[in-house]
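Now for the letters of each chain:
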Amino acid sequence: RDPGSNGEPRHTEPPLPRVEPARRVLSGLGERLGQRVLWAVLLVWLSSAGAGLVWLMTYDNTPGTPADAPLVWPAASALPRDAAGPTLVMLAHPRCDCTRASVTELAELLARARHRPRTFVVFIKPDGVAADWEKTGTFAQATRIPGVTVTRDDNGAEAERFGVSTSGQTLLYDRHGQLVYSGG
């Protein structure tokens, strides 16, 4: 049966205005604008990420401040200098990532040395931190090097005496107390 043949009037919808082409144009504009905004955001994000990586690589590969080590063993140092041979002092920050590599290099160097200097690894302990703050894996690593004395430098007093402000700085003094090497 046909609709409306049962005696009921047919319900017909009034014709809609033809907005389809206008809707397509506006939709196309919105899509193009959205794509442009998306590309702009992506470009800004990539530029920011790239600039951040460049900054991090520059920072990571910039050497620390070299030591301003005294040319003669500092008389006020609590570390006993070896009057019969050379004395090596490495000043280190126990929580610096690079310190582990410095301590590893020191262990290899001392293992190959024919005449080992009296050696100290001095770990800084700033004022106001926990009592065992310096007792890290790097501290333990240094204590396992044969013949090395590992000490704590409360508030950086020894680092100041030796003119060191960068972790891993190593100083070598001869038996007369003269500086023969400063580096890190």
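The structure we're discussing is the one just above.
Each value, and the rule that gives it
Residues numbered from 1 in each chain as written. Predicted model: local features only at pLDDT ≥ 70, side-chain atom pairs only at ≥ 80, totals over all residues. Heavy atoms only, no water. Pairing = 2+ DSSP bridges. Helix = DSSP H or I, 4+ residues; strand = E, 2+ residues; numbered from the N terminus. Contact = heavy atoms within 4.5 Å. Buried < 20%, exposed > 50% of the residue type's maximum accessible area, 1.4 Å probe, protein only. Right-handed = clockwise from strand over helix to strand, strands pointing away. Axes fitted to C-alpha atoms, helices over the stretch in contact; angles between N-to-C directions.

Student: Quick rundown of the pairing of strand S5 (residues 179-183)? Include the residues and the values.
Tutor: With 4 bridges joining them, strand S4 (residues 169-173) and S5 adopt antiparallel strand pairing. Across the sheet, the residue bridging to Thr-170 is Gly-183, located in S5. Hairpin remark: S4 followed by S5, antiparallel, with 5 residues in the connecting loop; positive phi at Gly-177, about 85°.

Student: Let's hear about the environment of Leu-172: which residues, and what values?
Tutor: By the element assignment, Leu-172 lies in strand S4. The spacing of Leu-172 and Met-90 is 82 residues in sequence and 8.8 Å in space, taken between C-alpha atoms. What Leu-172 contacts, discounting residues up to four positions off in sequence, is Pro-86, Thr-87, Leu-88, Pro-117, Gln-178, Leu-179, Val-180 and Tyr-181.

Student: With reference to specific residues and values, describe the pairing of strand S2 (residues 118-125).
Tutor: Burial analysis of S2 places 6 of its 8 residues in the buried class, which makes it a mostly covered element. Across 6 bridges, the pairing between strand S1 (residues 87-92) and S2 is parallel. Looking across to S2, one finds that Leu-88 is bridged to Thr-119. For the crossover that starts at S1, traverses helix H2 (residues 97-112) and ends in the parallel S2, the hand is right-handed. Across 7 bridges, S2 lies against strand S3 (residues 148-154) in parallel orientation. Note that in S3 the partner of Ile-124 across the bridge is Asp-153.

Student: Could you give me a rundown of the sheet that holds S1, with the residues and numbers involved?
Tutor: Reading across the sheet, the 5 strands line up as S3-S2-S1-S4-S5 and stay open at both edges, with mixed pairing between neighbours. Edge strands, defined here as strands with exactly one partner in the open sheet, are S3 and S5. The sheet shows a mean angle of 20° between the axes of neighbouring strands, taken without regard to direction. Relative to the sheet, H2 contacts S1, S2 and S3, its axis offset from that of S1 by approximately 165°.

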